[in-house]
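Here is what each chain is made of, one letter per residue.
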Amino acid sequence: MTQPTKLALAAPAILLIGSFLIFPGRPSTSPNLQPSGVPASPNARTSQLPKTIFWAWERPEDFRFLDNRPVGVAFLAKTLYLKNQSTASQNSRDPNFAIRPRRQPLRVSPATPLIAVVRIEAPTTRRRSDFLFTSSKSSVLFPYNPAQIENIAAEITQLHELPGVRAIQIDFDATASQQAFYADLLAAVRRQLPQSFPLSITALASWCAGDRWLDRLPPHTIDEAVPMLFRMGPASGDIVDLIYSGKEFPSPSCQTSMGLSTDETFSAVLLSEASSSRATSAKRIYIFAPRAWTPASANFILKELHP
């Protein structure tokens, strides 16, 4: 683990983040998803992002076959590990987190829009007395003061300077006790980013349907929350029923995108519906694959979305 470091930019054709390289390549019975009430309006900051985006996690990936196709790549750029109370310092100059930069190569065409993804890992909460920290909004089980939250936000927002990066996405499965901290962090990231730069987050499906804590964020803090409609766990039945009923997620920030996976049946059903459903075709679709993307696997998805 290392302390936060500045990103170094090499020659225009090569981007260095830690020890990974981006080498721009050479050109070369379905659910009836319908919006309930008035659908969320497209966010101005995300309107220029592609409607189809492949997730590239921590493994070697080569997307040069995409060339100039209207597809984006959301790549894991770094993982931030937050410290627990026993190892955290209350010194505001101590960042209280460690960084693991991407270590696997990612190759893309220069024309491919990129989204830099930051994964946040947090320690497991055991006892309330161990983690009590009073934020500006409420008492939460997390030992971070406002200055340290600003430090974490700075580590995230510097990614917007990377060539080809059109948006930042944060991936954090915040528990109920971590949501106030996360809200403060998202607000700090939004303040530090240029006003027009998009901020996306992944969202547990329960945040979009039942919990809805995202609705309490200040307006325009985030530009989209991507409901993760795979690996949903115990709540999956309720989410599937909601979608099959033809209703939208109640939370407006969850209404403009969805996250799917190539290896789940429910995702396959939604993909097959996407080209014919007005409500689904209007959404931005992020797609995860458990193995490295190939031209064949990518083209199969694109044919489903754009027959």
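Predicted, not measured: the structure shown is a model, and the values here were computed from it. (Residues numbered from 1 in each chain as written. Predicted model: local features only at pLDDT ≥ 70, side-chain atom pairs only at ≥ 80, totals over all residues. Heavy atoms only, no water.)

Caption draft 1: Main features of the overall build of the protein chain. Broken down by element type, the protein chain carries 8 helices and 15 strands. Looking at the protein chain as a whole, 52% of its 307 residues qualify as buried. About 13900 Å² of surface is accessible on the protein chain, with carbon and sulfur atoms providing 55% of the total. (Helix = DSSP H or I, 4+ residues; strand = E, 2+ residues; numbered from the N terminus. Buried < 20%, exposed > 50% of the residue type's maximum accessible area, 1.4 Å probe, protein only. Areas by Shrake-Rupley, 256 points an atom, 1.4 Å probe, with all protein chains shown as cover.)

Caption draft 2: Broad picture of the pattern of salt bridges. Overall, the coordinates contain 15 salt bridges when judged by the stated rule. The salt bridge involving Asp171 is made with Arg119; its shortest N-O contact spans 3.1 Å. With Asp171 in strand S11 (residues 165-171) and Arg119 in strand S8 (residues 114-121), the pair connects residues that are 52 residues apart, well separated along the chain. In terms of burial, Asp171 and Arg119 fall into one category: buried. For Arg190, the salt bridge identified is with Asp223, shortest N-O distance 3.4 Å. Note that Arg190 is positioned in helix H3 (residues 179-192) and Asp223 in the loop between helix H4 (205-211) and strand S13 (224-228), a separation of 33 residues in sequence. For the pair Arg190 and Asp223, a shared accessibility class is recorded, and that class is buried. Each of Arg119, Glu121, Asp171 and Asp173 takes part in salt bridges that share partners, so that together they form one network. (Salt bridge = Lys/Arg side-chain N within 4 Å of Asp/Glu carboxyl O.)

Caption draft 3: Spatial organisation of the nonpolar core. With 70 residues, the main nonpolar core has Phe54, Ile156, Ile170, Tyr182, Leu185, Leu214 and Leu229 as its most contacted residues. Ranked by residue count, the leading element in this core is H3, at 7 residues. Those residues in contact with Ile156, other than ones at most four positions away along the chain, are Leu80, Val118, Ile120, Ile168, Ile170, Leu185 and Val189. Grouped together as the second largest cluster of nonpolar side chains are 12 residues, Val117, Ala167, Val226 and Phe288 included. (Core = buried A, V, L, I, M, F, W, Y, C linked by side-chain atoms within 4.5 Å. Contact = heavy atoms within 4.5 Å.)

Caption draft 4: How the structure looks around unusual backbone geometry. Even without glycine at this site, Arg212 takes up a positive phi of about 60°. Counting through the fold element by element, Arg212 comes out in the loop between H4 and S13. Phi at His220 is positive, roughly 70°, even though this residue is not glycine. Note on placement: His220 falls in the loop between H4 and S13.

Caption draft 5: A look at the packing of helix H6 (residues 265-274) against helix H8 (residues 295-305). Between H6 and H8, the shortest axis-to-axis distance is 6 Å and the interhelical angle comes to 50°. On the basis of their axis angle, the class for H6 and H8 is oblique. Only Ile301, Glu304 and Leu305 of H8 make contact with H6, whose side of the interface consists of Leu271, Ser272 and Ala274. (Axes fitted to C-alpha atoms, helices over the stretch in contact; angles between N-to-C directions. Parallel < 35°, antiparallel > 145°, perpendicular 65-115°, else oblique.)

Caption draft 6: Local environment of the confidence of the model for the protein chain. Overall, the prediction assigns the protein chain a mean pLDDT of 80, with 73% of residues at 70 or greater. Contacts for the low-pLDDT stretch residues 125-140, under 50 throughout, to residues beyond four places or in other chains number 35 contacts. (pLDDT = per-residue confidence, 0-100.)

Caption draft 7: Region of the structure containing the packing of aromatic side chains. Here the structure, examined in full by the defined rule, presents 13 aromatic pairs. Ring centres of Phe63 and Phe65 lie 6.1 Å apart, and the angle between their planes is 40°; on these two criteria the pair is classed as tilted. The class of Phe63 is buried, set by a relative accessible area of 0%. Residue Phe65 is classed as partly exposed on the basis of its relative accessible area, which comes to 21%. Between Phe172 and Tyr182, the aromatic rings sit 5.0 Å apart at their centres with planes inclined by 75°, giving edge-to-face as the arrangement. (Phe/Tyr/Trp six-rings, centres within 6.5 Å; stacked < 30°, edge-to-face > 60°.)

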